[in-house]
Structures are given as structure tokens and as C-alpha cells.
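Here is what each chain is made of, one letter per residue.
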Amino acid sequence: MIRSKHLALLLGLLALSPLVFGQEDNCVTCHREFEDEQTGPSHMFVRDIHAQKGLGCADCHGGDTAAEDMEDVRRAKNYRGVPTHRQVPDFCARCHSDPAYMHEHNPSLPTDQLDKYKSSVHGQRMFRERDAKVADCISCHSVHEIGSGLMPHSSTHPLNLPQTCGKCHADAEYMAEYGIPTTQLDDYRQSVHGIALLERHDLGAPACNDCHGNHGAAPPGVTSLAAVCGNCHVLEAGLFKGSPHQEAFSQNDLPMCESCHSNHLIVETSDIMVGSAEPAVCVQCHEPDDGNAGLQTAMSISTAIKELRLAQEEAGKILAEAGAKGMMITDEEFLYKEVNQALIQARTQVHAFNADSVMAKTTEGLTKAETVQTNAASLIDEYYFRRKGLGLATVFITILAVALYLKIRRLEKNQ
Ligand code: HEC
Ligand code: HEC
Ligand code: HEC
Ligand code: HEC
Ligand code: HEC
Ligand code: HEC
Ligand code: HEC
Ligand code: HEC
Ligand code: HEC
């Protein structure tokens, strides 16, 4: 078993050997002699996934790898040279859109990048309007050091991707002629998602492509960008769909989550977002006398959540006091966690935009918070009761000791 594994590894290395040892493949050997060690294609190429999978310069550029001089290379019929910006998509797609070829190398790799690219704003402008400033394959993937999204050096690795898109989209001068905002990268960096991904390296948080799709068409399971949040925030999206906002928003062309949370500058949420006065988001669309139950509902939800928060705080204080007095509070601590859970669930239930749904959760939390309060208070009573008992016992023992002492003294005198 082990031997055959070693054999496979050896065969793999042999397949790579022309590249690894710089022999036979004259392209690399010769180019290494004169190219810059930092920026020369032949040096960068070591990090490229194509090199790592055993492909060489000629697989992309064409030409005869045995030729000994560049003039001979250029004369070869299959020499493709260097593609222009507009030629790059087809240059890459020659392999990547060829299912038979790609299947041999990696059956799980999709072969739809060119199709999707063509459906994106980038591809449409590139082909229909001959726009030279939109992204082509190598604007996003780099060239000669292309990596998969899993390789840390890759321009498409989640930690590097926002910067890759930002190269153009955050450059106000470059984007000036299009009249679209150039704040996406800055906003994203300050958002809960950007902070989670770029500062805490939480790969569960979305980078640009998780929302926009890798190649411009929306990501899997999403028909319009408005639905993309529901890929990860399943509960909120589900509640929204059953809420009165579902129909109202689609009739008024309001996007599902963005209307209240924005798209790039999504900040951490808090209770002040719901209510019938500024800064609650509800007042952006609802007015006191607009004839629907919007603000009434907002008010009830806000009150219910506030009430639970207060009860939770109170329970927390009493519980901490009981703990500090050394009482056994394991059961109450457990129950206290459930209060917190109810609060979290109530905040999610906000997305039903229905006071009863929220109150079902807050009532559950309130009952538990009250139990914690009552139990913790009686533990504190018990503590004082015990201390009183201990005090009495001490007085009693002292009196006894004194009496005993006097008795002994008397006995000694009598003797
Ligand atoms: C004996 C050295 C040598 C060999 C072998 C060689 N090249 Fe080059 N190549 C050069 C030099 C030098 C240049 C740039 C100067 C020039 O214009 O000739 C160059 C330029 C290029 C360019 C830039 C575009 C162009 O046409 O000028 C590409 C692409 C290229 N080589 C690819 C290849 C590939 C692919 C192979 C192998 C099939 C290869 N080279 C083999 C020396 C070599
Ligand atoms: C995955 C395909 C691919 C492979 C493999 C590849 N190249 Fe390229 N190469 C390109 C593309 C695309 C361009 C055009 C870059 C641009 O427009 O900025 C390019 C441009 C070039 C250029 C001219 C521009 C420059 O950066 O100086 C040279 C020279 C070159 N390649 C040499 C090589 C050599 C040598 C190798 C092997 C070590 C190689 N390439 C392997 C795709 C490839
Ligand atoms: C000669 C065929 C060929 C050409 C041309 C080609 N590729 Fe590739 N590419 C491959 C193969 C083979 C793999 C490795 C697939 C595997 O084994 O996982 C690959 C892998 C990749 C990957 C990594 C995929 C992943 O996530 O694992 C990216 C990204 C990529 N290529 C982009 C490009 C770009 C951009 C171009 C054009 C500049 C290009 N390729 C040109 C054959 C090619
Ligand atoms: C706007 C930026 C962008 C453009 C343009 C782009 N890609 Fe990608 N591509 C990505 C991102 C982001 C990923 C996901 C991370 C990864 O796997 O590298 C990706 C993934 C891939 C993959 C891995 C498999 C997959 O589909 O997820 C291949 C292969 C690939 N791209 C090839 C291409 C080719 C070929 C083109 C040009 C026709 C192209 N890309 C254009 C950003 C881009
Ligand atoms: C080479 C520069 C460049 C890069 C890199 C780039 N883009 Fe673009 N992008 C453009 C240009 C130019 C447009 C056209 C603007 C327009 O028509 O509104 C555009 C358009 C778009 C649009 C459509 C905007 C609209 O009008 O609604 C989206 C969305 C977009 N890009 C997202 C991305 C994402 C996500 C990435 C990274 C994965 C990325 N872009 C990388 C240059 C770039
Ligand atoms: C959490 C999801 C999400 C993330 C992450 C995200 N976007 Fe967006 N983006 C959206 C939505 C939603 C829209 C609005 C689309 C619409 O209304 O059709 C949008 C719009 C855009 C537009 C069109 C112009 C505009 O500002 O309205 C561009 C360009 C864009 N995003 C680029 C980016 C770039 C670059 C990144 C990464 C730095 C990024 N986005 C990250 C969801 C996201
Ligand atoms: C790829 C998965 C993913 C996508 C897509 C996504 N998010 Fe998130 N979102 C997360 C993660 C993970 C967090 C938690 C970040 C943290 O730990 O601070 C989060 C946090 C949030 C928060 C803060 C929650 C709080 O506790 O205050 C809001 C609001 C939010 N997202 C809204 C959205 C909206 C709106 C969209 C669509 C435009 C969206 N998300 C798209 C994964 C995603
Ligand atoms: C982006 C605009 C917008 C925001 C923000 C908004 N709503 Fe609404 N809401 C609407 C629209 C439009 C309707 C439908 C109004 C109608 O039918 O008269 C509606 C309807 C409702 C209804 C149903 C009213 C009824 O009488 O059937 C409730 C309840 C509601 N909203 C609660 C809220 C709450 C709570 C908030 C704040 C968390 C909020 N809304 C924020 C736009 C919004
Ligand atoms: C009408 C306004 C409105 C809409 C639309 C809306 N939200 Fe919220 N969202 C809120 C409010 C208000 C809060 C804060 C509740 C609190 O803290 O008491 C919140 C809190 C959140 C939270 C943190 C609490 C939790 O559930 O964990 C997330 C995540 C979130 N929203 C995601 C979404 C997503 C995803 C969508 C789209 C499906 C969406 N929201 C649509 C108003 C809205």
C-alpha cells in the first residue's frame, strides 16, 4: 500500500521534472536567464497553480518547448503570443470552457466561467461596448501567479479579494466616467462582514464574491442579488417571507434586507433600530397617521424587547450577588443562559414584523428571568439566614466558654 503511494508521488514528480529541474522546457530555462527575479513571468510562475499542476508556458502561449531561440518559437504555427485585454477571456476559456479537457484534470471544477462572465456587467461591457476598463480574467486572477481561492497568496483568496476588486472600484478617478459610487471597499471594511473577515479572519463572513458571485452572475441558489443575504441568514429571510413586508416590498421594488441594513456598510444591530421614533429604521417609511399598523407594531416590539432586557439585567445582578456570596448557583446560571437565548431569538423574530411573534419569545424569557430573580433572591436570604445562625452560634459558644472558664476557676479556688 505504502509503496504504491510512494510510486505515485515519484511519478508525479517525474511528470513535473522538466519544470522543476528547468530542463527540456527551454521556455523556462531561457526566460529565467534574463527575467527579473521578482516580476519576471518565469520566476513568478513557480507559485502559479498551472505550474503546480504540471502545465508550462507553452500550454498557454503555444510554441515549441524544444526550440532554442525565441525567433523559432514565434515561427511555430501554434504560437499564440500575448493576448490583448479583449482576447484574454477566450485565451483562458480555450481550456476552462472545454469540459472534456477539464474533466481529465479535475472533474469537480466548473466550466462555466466564460458564460457567466459574459452575463456580468464586466463581460457585457467588454464584448458589447468594447470597454477596455472592465475586469477581464487576469484583472481578478492575476497572471503567472494564478492561485485557487484556497491558496493564501492568491488574489482571489477571501482575505485578498476585497482589495482585488477595490483596485478599480475604490479608484474614483478610474471609475469617474461610470457615475457609480466608489465607496464599496471602504464601506465594506467598516462593516460587520469586513471586520469579521479582514480583522478576525472569519471565513464564514462574506467577501465581495460571496454576494456578487465569482463571475458576475449571482452565487448559487440566488436569482437576484436582493436574495443573497438569505444564503447565510436563513432564519431572518424565512421570517421576512412570511411577514407583511414580503408583498409590500416587492410591490414597491424595495430590496429585502438592504432597505434596513444597507448593502456594504452593514453595521452591528441594536434594539434602537426598532421603535416609533428616530433613530429607529421603521420611521423611514412609516408615519403615525398613515393608516396601517406599522408604528403601533414597532412600538409594541420595542417595549417587549426592552422589558426583557431590563428583566435580564436585574436577574444578572442578583445572580452575581448570590455567586459572590459563595452560594451554589449552577442551576440558576443555566436558566440565565436560556433568558439570553430567548432575547437572541426575540431579536430575530423582529423580522416577522408582528408583535405577537416577538412577544411569544419575550414572554418565555421574562418567565425564566423572574424564576432566576426569585431563586437567586432566596439564595441570598439563605446566606443571611446562615450568617445570622452562625452569629448566634458564636455568641452562644462564647458564653458557654466563659461559663466553663469561670466554673473551672471556681473549682480550682475551692481546691
Ligand atoms: C533562448 C531563449 C528563449 C527561449 C527558448 C524562449 N524564449 Fe520567449 N522570449 C525570449 C526573449 C529574449 C524574449 C523577449 C525579447 C524579444 O522580443 O525577443 C521573449 C519573449 C517572449 C514572450 C513575449 C511575447 C513575444 O512574442 O515577444 C513570450 C510570450 C514568450 N517569450 C514565450 C515563450 C515560450 C512559450 C517559449 C517556449 C515555447 C519561449 N518563450 C522560449 C527568449 C526565449
Ligand atoms: C495560464 C496561462 C499562462 C501561462 C501558463 C503563462 N502565461 Fe505568460 N501570459 C499570459 C497572459 C494572459 C499574458 C498577458 C498579460 C497581460 O496582458 O498583462 C501573458 C503575458 C506574458 C508575457 C508578456 C508580458 C509580460 O508580463 O512581460 C511574457 C513574456 C510571458 N507571458 C511569458 C511567459 C512565460 C515565460 C511563461 C512560463 C514560465 C508563461 N508566460 C506562462 C498567460 C500565461
Ligand atoms: C492549457 C489549458 C489552460 C489554460 C489556457 C488556462 N488554464 Fe487555468 N487551469 C488549467 C488546469 C488544468 C487547471 C488545474 C485544474 C486542477 O487540476 O485543479 C487550471 C486551474 C486554474 C485555476 C484554479 C482553479 C481552482 O480553483 O482550483 C484558475 C483560477 C485558473 N486556472 C485560471 C485561469 C486563467 C485566468 C487563465 C487565463 C489567463 C487560465 N486559467 C488558462 C488549464 C488551463
Ligand atoms: C471580477 C473578478 C473575476 C473575473 C473577471 C474572473 N474571475 Fe474567475 N474567479 C473569481 C473569484 C472571486 C473566484 C472564486 C475564488 C477562486 O476559486 O479562485 C473565481 C473562480 C474561478 C475558477 C475556479 C472555479 C470556479 O468557477 O469557481 C476558475 C477556473 C476561474 N475563476 C477562471 C476564470 C476565467 C477563465 C475567467 C475569464 C473568462 C475568470 N475566471 C474571470 C473572480 C473572477
Ligand atoms: C479592472 C478593473 C475592475 C476590477 C478588478 C473589478 N471591476 Fe467591477 N467593474 C469595473 C468597471 C469599469 C465596471 C463598469 C461600471 C459600470 O458600468 O457601472 C464594473 C462594474 C461592476 C459591477 C456593476 C456595477 C453597476 O453598474 O451596477 C459590479 C457589481 C462589479 N463591477 C463588481 C466587481 C467585483 C465584485 C469585483 C471583484 C471580484 C470587481 N468588480 C472587479 C472594473 C473592475
Ligand atoms: C453582503 C453582500 C455584499 C458584499 C459583501 C458586497 N456587496 Fe456589492 N452590492 C451588494 C448589493 C445587495 C448591491 C446592490 C445591488 C442592487 O441593488 O442591484 C451591491 C452593489 C454593488 C455595486 C454597484 C454600485 C453600488 O455601489 O451600488 C458595486 C460596484 C459593488 N456592489 C461592488 C462590491 C465590491 C467591490 C465589494 C467588496 C469590497 C462588494 N460589493 C461587497 C451586496 C454586497
Ligand atoms: C457568506 C455568508 C453571509 C452573507 C451572504 C451575508 N452575511 Fe451577514 N453575516 C454573516 C456572518 C458570518 C456575520 C457575523 C459577523 C460577526 O461575527 O460579527 C454576519 C453579520 C451580519 C449582521 C450583524 C448581526 C448582528 O449581530 O448585529 C447583519 C445585520 C447582517 N449580517 C446582514 C446581512 C445582509 C443584509 C446581507 C445581504 C446584503 C448579508 N448579511 C449577507 C454572514 C453572511
Ligand atoms: C423601506 C420601507 C419600510 C421600512 C423601513 C419599514 N416598513 Fe413596514 N411597511 C412598509 C410598507 C410599504 C408596508 C405596506 C403598507 C401598507 O400596506 O399600507 C409596510 C407594512 C408594515 C406592517 C403591516 C401593517 C398593516 O397594517 O398591515 C407592519 C406591522 C410593519 N410594516 C412594521 C414595520 C416595522 C416594525 C418596521 C421597523 C422595524 C418597519 N415596518 C419598517 C415599508 C417599510
Ligand atoms: C424593516 C426593517 C428590516 C428589514 C427589512 C430587515 N431587518 Fe434585520 N433587523 C432589523 C432590526 C430593527 C433589527 C434589530 C432588532 C433588535 O436588536 O432588537 C435587525 C436585526 C438583524 C440581525 C441581528 C439579529 C439577529 O437576527 O440575529 C440580523 C442578522 C439581521 N437583522 C439580518 C437581516 C436580513 C438577512 C434581512 C433580510 C432577510 C433583514 N435583516 C431585513 C430590521 C430589519
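Residues numbered from 1 in each chain as written. Chains lettered and ligands numbered in written order. Predicted model: local features only at pLDDT ≥ 70, side-chain atom pairs only at ≥ 80, totals over all residues. Heavy atoms only, no water.

### Side note on a nonpolar patch on the surface
The following threshold applies: Each patch is built from salt-bridge-free residues with over 30% relative accessible area, joining like charges within 9 Å and nonpolar side chains (Val, Leu, Ile, Met, Phe, Trp, Tyr) within 5 Å. For the accessible areas, the method is Shrake-Rupley and the probe is 1.4 Å, while residue cover comes only from the protein chains on display. Any carboxyl oxygen of Asp or Glu that lies within 4 Å of a side-chain nitrogen of Lys or Arg is treated as forming a salt bridge with it. Secondary structure elements follow DSSP: runs of H or I of four or more residues count as helices, runs of E of two or more count as strands, with numbering from the N terminus.
Taken together, Phe396, Ile397 and Leu400 make up a surface patch of nonpolar side chains, about 340 Å² in accessible area. Within the secondary structure, Leu400 is located in helix H22 (residues 355–414).

### Remarks on the coordination of the iron atom of ligand 7
For the record, the criterion: A donor here means any N, O or S atom no more than 2.8 Å from the metal (3.2 Å for Na, K and Ca); water is not included, so a site may seem to lack partners. For a four-donor site, all angles between 85 and 135 degrees give tetrahedral; for four or six donors, opposite pairs above 155 degrees with the remaining angles between 65 and 115 give square planar or octahedral; all remaining cases count as irregular. Type-normalised accessible area, obtained with a 1.4 Å probe on protein chains alone, sets the label of each residue: buried when under 20%, exposed when over 50%, and partly exposed for intermediate values.
Within the protein, the iron atom of ligand 7 binds to His193 (NE2) and His233 (NE2); these donor distances fall in the range 2.0 Å. Around the iron atom of ligand 7, the six donor atoms sit at angles spanning 87 to 178 degrees, and that spread fits a shape best called octahedral. With a gap of 40 residues between them, His193 in helix H15 (residues 192–199) and His233 in the loop between helix H16 (208–212) and helix H17 (234–241) connect regions that are remote in the sequence. For His233, a relative accessible area of 41% translates into the label partly exposed.

### What to know about the coordination of the iron atom of ligand 1
Protein coordination at the iron atom of ligand 1: the donors are His31 (NE2) and Met70 (SD), at 2.1 to 2.2 Å from the metal. The coordination sphere of the iron atom of ligand 1 comprises six donor atoms, whose angles at the metal cover 87 to 179 degrees; the geometry is octahedral. Placement of His31 in helix H2 (residues 26–34) and of Met70 in helix H6 (residues 70–75) is noted, with a sequence separation of 39 residues between them.

### A short note on the packing of aromatic side chains
Our working definition: Centres within 6.5 Å make a pair out of two Phe, Tyr or Trp rings, where for Trp the six-membered ring is used; the pair is then stacked when the planes are under 30 degrees apart, edge-to-face when over 60, and tilted otherwise. Both a distance and an angle decide whether a charge sits over a ring: NZ of Lys or CZ of Arg must be within 6 Å of the ring centre and within 35 degrees of the ring normal.
Tallying each qualifying case throughout the model produces four aromatic pairs. Ring geometry for Tyr117 versus Phe127: centroids 6.3 Å apart, planes at 85 degrees, classification edge-to-face. One end of the pair, Tyr117, is in helix H9 (residues 113–119); the other, Phe127, is in helix H10 (residues 121–128), and 10 residues separate them in sequence. Arranged with centres 5.4 Å apart and planes meeting at 70 degrees, the rings of Phe240 and Phe249 form a pair that is edge-to-face. Following the ring pairs from residue to residue traces out a cluster consisting of Phe240, Phe249 and Phe353. Just above the ring of Phe127 sits the side chain of Lys118; from NZ or CZ to the centre is 5.8 Å. Cation over ring: Lys133 sits above Tyr174, and NZ or CZ is 4.7 Å from the ring centre.

### Here we look at the confidence of the model for the protein
For clarity, the threshold we go by: What pLDDT conveys is the predictor's confidence in a given residue, as a value from 0 to 100. What makes two residues a contact is simply this: any of their non-hydrogen atoms within 4.5 Å.
In this model, the protein carries an average pLDDT of 93, and 94% of its residues clear a pLDDT of 70 or more. Within the model, pLDDT remains below 50 along residues 1–5, and this stretch shows zero contacts once partners closer than five positions in the same chain are excluded. Overall, residues 7–23 carries pLDDT values under 50, and its contacts beyond four positions in sequence, including any with other chains, amount to 13 contacts.

### Here we look at the site of ligand 3
What counts here: The nearness test applies per residue and asks whether one of its heavy atoms lies within 4 Å of the molecule or strand. Polar contact is the term for a pair of N or O atoms within 3.5 Å; when the atoms are in protein, one must be able to donate a hydrogen and the other to accept it, and sequence-neighboring residues count only if both atoms are side-chain atoms. Each residue gets one of three labels, nonpolar for Ala, Val, Leu, Ile, Met, Phe, Trp, Tyr, Cys and Pro, charged for Asp, Glu, Lys and Arg, and polar for the others, Gly among them.
Residues in contact with ligand 3 amount to 22 residues; listed here are only the nearest, His50, Cys92, Cys95, His96 and Asn106. At 2.8 Å from a nitrogen atom of ligand 3 is found a side-chain nitrogen or oxygen belonging to His50. A distance of 2.7 Å separates a nitrogen atom of ligand 3 from a polar side-chain atom of His96. Looking at the shell around ligand 3, the elements with two or more residues in it are helix H4 (49–52), helix H5 (57–61), helix H7 (88–96), helix H8 (99–105) and helix H11 (137–141). With five residues, the single largest contributor to the shell around ligand 3 is H7. Of the residues assigned to the shell around ligand 3, the class counts are 12 nonpolar, seven polar and three charged.

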